[in-house]
Amino acid sequence: MQAHETLLDKYAELTVKSGLNVRKGQQVLITAPIEAVDLVRRITHHAYKVGASLVTTLYNDEQATLMRFVDGDKEAFDTAPTWLFGGMAEAFRDGNCVRLGIIGENPSLLSGQDIDKVSRANRARSAAYKPVVEQITGFATNWCVISAATTSHARSVFPNETDAVALAKLWQAIFKCTRADQADPVHAWELHTKALHTRTAKLNAKHYSALAYKGPGTDFTLGLVDDHIWVGGASVAKNGILCNPNIPSEEVFTMPHRERVDGVVRSTKPLSYQGTFIDGIEVTFEKGRIVKGTAATGGDVFTKMIETDDGAACLGEVALVPHSSPISASGIVFNETLYDENVASHIAVGQAYSQNMKDTFILSPAEKLARGMNTSLIHVDWMIGSGELNVDGVFSDGKREPLMRSGEWVD
Ligand code: ZN
Ligand code: ZN
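Note that this is a predicted model, so its numbers are computed, not measured.

A. How the structure looks around the coordination of the zinc ion (ligand 2). On the protein side, the zinc ion (ligand 2) has Glu317 (OE), His379 (NE2), Asp381 (OD) and Asp381 (OD) as donor atoms, found 2.0 to 2.5 Å from it. Bound by 4 donor atoms, the zinc ion (ligand 2) shows angles of 55 to 143° at the metal and therefore irregular coordination geometry. Coordination of the zinc ion (ligand 2) draws on donor residues from a single chain, spaced E-x61-H-x1-D in sequence. Taken as an interatomic distance, the gap from the zinc ion (ligand 2) to the zinc ion (ligand 1) is 3.5 Å; Glu317 donates to each of them. Placement of the pair is Glu317 in strand 14 (residues 315-320) and His379 in strand 16 (residues 379-383), with a sequence separation of 62 residues. Glu317 gets classed as buried once you look at its relative accessible area, which sits at 2%.

Have a look at this one:
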């Protein structure tokens, strides 16, 4: 068995080389939970080794986040660090600073807090963060999101274990799902990317007009924008650098048409949205918009979430993931979208990704909107796939063919 330190170092190297693909002279901006300091130091080491000009890390501390909700002035929950996010967006704009997000928050950190404070804080943060989202979804620079095991998150995944055992188990799962435990993780990711690119090439050659879904509680048709592009695994950013935006990643995804989604959808996994658990979502779409939506857990937050702005009740992403994905095979519910979205097919309300539509780098915002691209302050994925989901590809003449049966690719 490989020692924890060895695995952590391989994971850090994988993040720098396959995830970010840091080029000589680029700056690196890292955001991370304070508990991830050991991993951050190893990443920093590898980043400088490949020629990073400067690595800057912003740590966040859950205890400090909570203090605001307990002791903070309740008139001040519409405040967000606009100056900070503006600066981050500025850094990413010209493609010379890469972005690494390390996540690992307690998924229910804020569940006991006042719903009004939580939603005001979320709203203010989303609005202030918009310039960053624009640069990232516009793929201005190479970027990557990974996860670190933290005690509170590990305890939410393994509630019956002690802190130490839960933490060790979560690290083990992270190393396995990211292939960091393999002999040569960087090479393993090259092969994985090749397989995902074969799948996206096949889907792009089909030019489907829509996807039709059927499963327990789910029966809906999801129109795709005309010039959609299926993407999976590594992609080239606007600055010409190939990177893997998510590690792990098992999905292939594309752009739904903002106004062409109709039917009912039921979620199949819980999701954590800014510190609140949301589970058992059931929605009805009409002409692309959620016209009726409930959630068995976290319903209030879900309702507020889809009311964030005009695009928050429409779709910005559709992703297909086979039910047998290695992350699904782990049998673990990670309570974290980065992992759980690779367990099952999913959809996301909110902002769409530019890379999923032809020519988006040159089209104006009005032209993109006219072609059916959604825009919003939020982008929230939720899982609708299972071993019981069937998906058909629908052509523009109405003919259809089976794409997934019982959660697996037909070919
Ligand atoms: Zn996705
Ligand atoms: Zn997404």
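B. Spatial organisation of the packing of helix 1 (residues 4-20) against helix 2 (residues 37-49). At a minimum axis separation of 8 Å, helix 1 and helix 2 run at an interaxial angle of 50°. Here helix 1 is positioned oblique relative to helix 2, judged by the angle of their axes. Note that helix 1 runs across helix 2; the crossing there is right-handed. When helix 1 is examined against helix 2, the residues Glu5, Leu8, Asp9, Tyr11, Ala12, Glu13, Thr15 and Val16 are found in contact with a partner set consisting of Asp38, Leu39, Arg42, Ile43, His46 and Ala47. The residue inventory of the contact of helix 1 with helix 2, partitioned by class, reads 7 nonpolar, 2 polar and 5 charged.

C. The packing of aromatic side chains, seen in detail. Following the criterion strictly, the structure yields 12 aromatic pairs and no others. An angle of 55° between the planes, with centres 5.2 Å apart, marks the rings of Tyr208 and Phe395 as tilted. Taken as a pair, Tyr208 in the loop between helix 8 (185-206) and strand 5 (210-215) and Phe395 in the loop between strand 17 (390-394) and strand 18 (400-405) lie far apart in primary sequence, 187 residues in all. Connected via pairs of aromatic rings, a cluster forms that spans Tyr11, Trp171 and Phe175.

D. The arrangement of the coordination of the zinc ion (ligand 1) in detail. The coordination sphere of the zinc ion (ligand 1), as far as protein atoms go, consists of Glu251 (OE), Glu317 (OE), Glu341 (OE) and His346 (NE2), spread over 2.0 to 2.4 Å. Because the angles between the 4 donor atoms bound to the zinc ion (ligand 1) fall within 75 to 151°, the donor set is best described as irregular. All donor residues of the zinc ion (ligand 1) come from one chain, and their arrangement in sequence is E-x65-E-x23-E-x4-H.

E. Quick peek at the sheet that holds strand 4 (residues 143-147). Spatial strand order, 2-1-3-4: 4 strands in an open sheet with parallel pairing. In the strand order of this sheet, the two ends are held by strand 2 (54-60) and strand 4, each with one partner. Strand-to-strand twist in this sheet, taken as the mean axis angle between neighbours without regard to direction, amounts to 15°. The sheet contacts of helix 2 involve strand 1 (27-33), strand 2, strand 3 (97-103) and strand 4, and relative to strand 2 the element is tilted by about 165°.

F. How the structure looks around the layout of surface pockets. Each pocket or cavity is described by its volume, and for the second largest pocket that value is around 440 Å³. Along the wall of the second largest pocket there are 17 residues; nearest its centre are Glu134, Gln351, Ser354, Pro365 and Lys368. Going through the elements one at a time, helix 5 (115-137) and helix 12 (365-370) are the ones with two or more residues in the lining of the second largest pocket. At 4 residues, the largest contribution of residues to the lining of the second largest pocket is made by helix 5. Residues belonging to the lining of the second largest pocket are distributed by class as follows: 6 nonpolar, 7 polar and 4 charged. Both domains that meet at the lining of the second largest pocket, namely domain 1 (4-177) and domain 2 (207-231 + 247-409), each give it at least three residues.

G. A look at the pairing of strand 17. Judged by how many residues are buried, strand 17 sits mostly within the fold: 4 of 5 residues are covered. Where strand 5 lies against strand 17, 5 bridges are found, and the strand directions are antiparallel. Across the sheet, the residue bridging to Ala212 is Asp392, located in strand 17. Across 4 bridges, the pairing between strand 17 and strand 18 is antiparallel. Looking across to strand 18, one finds that Val391 is bridged to Met404. Between strand 17 and strand 18, which follow one another and run antiparallel, lie 5 residues, and Gly398 among them has a positive phi close to 95°.

H. Quick peek at the domain arrangement of the protein. Entries for the protein in the domain assignment read domain 1 (4-177) and domain 2 (207-231 + 247-409). Facing the 35 residues of domain 1 at the interface are 29 residues of domain 2. Regarding the contact of domain 1 and domain 2, the summed buried area is about 2,700 Å², with carbon and sulfur atoms giving 63% of it. For the domain 1 face of the interface with domain 2, the top three residues by lost area are Pro107, Thr137 and Cys177, together amounting to 22%. Here domain 1 and domain 2 share 0 salt bridges between them. A total of 10 residues in the side of domain 1 that touches domain 2 trace back to one element, the largest contributor, which is helix 5. Taken together, the residues that form the side of domain 1 that touches domain 2 break down as 20 nonpolar, 13 polar and 2 charged.

I. The nonpolar core, seen in detail. With 64 residues, the main nonpolar core has Leu39 and Ile102 as its most contacted residues. Inspection of this core shows a minimum of three residues originating in each of domain 1 (4-177) and domain 2 (207-231 + 247-409). Not counting the four nearest positions on each side in its chain, Ile102 is found in contact with Ile30, Thr31, Ala32, Pro33, Ala36, Leu39, Val40, Ile43, Ile146, Ser147 and Ala148. If you look at the next biggest cluster of nonpolar residues, it comprises 40 residues, including Tyr213, Ile281, Val380 and Leu389.

About the cut-offs
- Residues numbered from 1 in each chain as written.
- Chains lettered and ligands numbered in written order.
- Predicted model: local features only at pLDDT ≥ 70, side-chain atom pairs only at ≥ 80, totals over all residues.
- Heavy atoms only, no water.
- Donors = N, O, S within 2.8 Å, 3.2 Å for Na, K, Ca; no water.
- Tetrahedral: all angles 85-135°; square planar, octahedral: opposite > 155°, others 65-115°.
- Helix = DSSP H or I, 4+ residues; strand = E, 2+ residues; numbered from the N terminus.
- Buried < 20%, exposed > 50% of the residue type's maximum accessible area, 1.4 Å probe, protein only.
- Axes fitted to C-alpha atoms, helices over the stretch in contact; angles between N-to-C directions.
- Parallel < 35°, antiparallel > 145°, perpendicular 65-115°, else oblique.
- Left-handed = near helix turned anticlockwise from the far one by under 90°.
- Contact = heavy atoms within 4.5 Å.
- Nonpolar A, V, L, I, M, F, W, Y, C, P; charged D, E, K, R; others polar.
- Phe/Tyr/Trp six-rings, centres within 6.5 Å; stacked < 30°, edge-to-face > 60°.
- Pairing = 2+ DSSP bridges.
- 1 Å grid on protein atoms, 1.4 Å probe; cavity = no way out; pocket = protein on both sides within 12 Å on 5 of 7 lines; lining within 4 Å.
- Points joined across faces, edges and corners; volume = space filled by probe spheres on them.
- Domains from an automatic or database assignment.
- Buried area = accessible area lost by both parts, 1.4 Å probe.
- Salt bridge = Lys/Arg side-chain N within 4 Å of Asp/Glu carboxyl O.
- Core = buried A, V, L, I, M, F, W, Y, C linked by side-chain atoms within 4.5 Å.

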